[in-house]
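Structural overview
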Amino acid sequence: MSILKPDFIKPVGLGAVIFAALAFLPNFVDNYYMSLAISVVSFAVLATAWSMFSGPTRYISLATVVFFGIGAYTVAVLGEHMAFPLVLVCAALAGTVVALLVGFSTLRLAGVYFVIFTFGLTELVRQVVSWYEVNVTREMGRYVFLDITQNDIYWQLLALFAVLLLTGFILARSRLGFALRIIGEDETVAKHCGIDVTRVKVALFVLSALFMTLTGAIMAPRWTYIDPLIAFNPMLSFQVVIMALLGGPRRLLGPLLGVIPLTLLFEVLTASFPNHFSILLGCVFMVIVYLLPGGVLGLYEKYRAPKKRTLSPPNGTDGTTKSEEKAA
């Protein structure tokens, strides 16, 4: 299937114009708003990458921070010894290897078992890294001093987000994307259709983890000090899930509708209620799950679909079928 079609070129061209305009943002805002823009773009990458896997497969993964932390720690360890592009390559390879190991060992699980495993994996990795730092390096945490500015981080994240959206756009129109949608509806049917369910899920899980790892690596120079609690903070995984669920994880741009308002909300809550942020985050989570189980896009499609059917009957102009018209 050729991708050089109008339905591919038009949205890609529009997206290129939008991203080109966003690239000039550092010239018009101060440091605070630049920092806020970095948070928005980083969460946009993480939430979209999470939805790329969890949206079609309906597997709720809480391992986002595992790959984010791997990327950040790779930069902390290798940043002063290698050129930054090579460090990014090493981070990508490390994240891919871990994702392959996790994918082949756990993606046979389903439902709550997969959720529990990915949550436990976060704590396991954090404890292993902490043990290594204390018992091998004899230090807890590492300093990151790289000649990378805030604007550089923003541009790198923006480029990564553009690549992610292009990847998701192509994936949705590929055989792999079609197979994923079948798996999400019913794995048993997918197996009977001849789809290698495990390999398809692992492939998408690795692709999703790759973008998460690169996000952590790009964000690492933003902090001058990184320790296991900062790099592998499980709160990040919950924030990403909440953002994706609010926007709608079944559409490519759905997570972005949750990222922008919730990033601003979390910024206010962190500044105003630093000691109660976890409680308020839980309240936001419950409200979204209870009131918007399909996200903003799901709610829009729910109330828009009946209207479209009423305004545009599928057969005759008065809603009758062709067989009924012949009989009349």
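A brief structural summary. (Residues numbered from 1 in each chain as written. Predicted model: local features only at pLDDT ≥ 70, side-chain atom pairs only at ≥ 80, totals over all residues. Heavy atoms only, no water.)

**Looking at helix α11 (residues 235-247)**
Where we set the bar: In DSSP terms, a helix is any run of H or I states spanning at least four residues, a strand is any run of E spanning at least two, and both are numbered starting from the N terminus. A helix's residues, less one, multiplied by 1.5 Å, set its expected span. Whether a residue is buried, partly exposed or exposed follows from its accessible area with a 1.4 Å probe, protein chains only, as a fraction of its type maximum: under 20%, in between, or over 50%, in that order.
An ideal rise of 1.5 Å per residue puts 18 Å on 13 residues; α11 measures up with 19 Å between its terminal C-alpha atoms. Within α11, eleven of the 13 residues are buried, which leaves it mostly tucked inside the rest of the structure. Here α11 has its buried residues at Leu236, Ser237, Gln239, Val240, Val241, Ile242, Met243, Ala244, Leu245, Leu246 and Gly247. Just downstream of α11 lies Gly248, where phi reads positive at about 125 degrees.

**Section: the packing of helix α3 (residues 64-78) against helix α5 (residues 112-137)**
How two helices sit against one another is set out by the angle between their axes and by the gap between those axes. Using the following cut-off: In this analysis an axis means a line fitted to C-alpha atoms, helices contributing only their contacting stretch, and an angle means the value between N-to-C directions, from 0 to 180 degrees. An angle counts as roughly parallel when it lies under 35 degrees, as roughly antiparallel when it exceeds 145, as roughly perpendicular when it falls between 65 and 115, and as oblique in every other case. By definition, residues are in contact when any of their heavy atoms lie within 4.5 Å. For this scheme, ten residues count as nonpolar: Ala, Val, Leu, Ile, Met, Phe, Trp, Tyr, Cys and Pro. Four count as charged, namely Asp, Glu, Lys and Arg, and the remainder, Gly too, count as polar.
Two numbers describe how α3 lies on α5: the axes approach to 9 Å, and their chain directions differ by 25 degrees. Between α3 and α5, the crossing angle belongs to the class labelled roughly parallel. Residue-level contacts link Val65, Val66 and Tyr73 of α3 to Leu121, Thr122, Val125, Val129 and Glu133 of α5. Its residues placed into classes, the contact of α3 with α5 shows six nonpolar, one polar and one charged.

**Overview of a nonpolar patch on the surface**
Rules: For patches, a residue must show more than 30% relative accessible area and have no salt bridge; joins then use 9 Å for like charges and 5 Å for nonpolar side chains, namely Val, Leu, Ile, Met, Phe, Trp and Tyr. The protein chains shown are the only cover counted for residues, whose accessible areas, like all others here, come from Shrake-Rupley with a 1.4 Å probe. Take a side-chain nitrogen of Lys or Arg and a carboxyl oxygen of Asp or Glu: if they are within 4 Å of each other, that pair is a salt bridge.
Taken together, the side chains of Leu109, Val112, Tyr113, Ile116 and Phe117 present a nonpolar region at the surface, about 490 Å² in accessible area. On the basis of relative accessibility, which here comes to 53%, the residue Ile116 falls in the exposed class.

**Quick notes on the environment of Glu187**
Here Glu187 lies in helix α8 (residues 187-192). Along the backbone, Glu187 and Thr57 are 130 residues apart, and their C-alpha atoms lie at a distance of 9.1 Å. The contacts of Glu187, once residues within four sequence positions are left out, are Tyr59, Val197 and Lys201.

The values are spatial; any link to function lies outside them.
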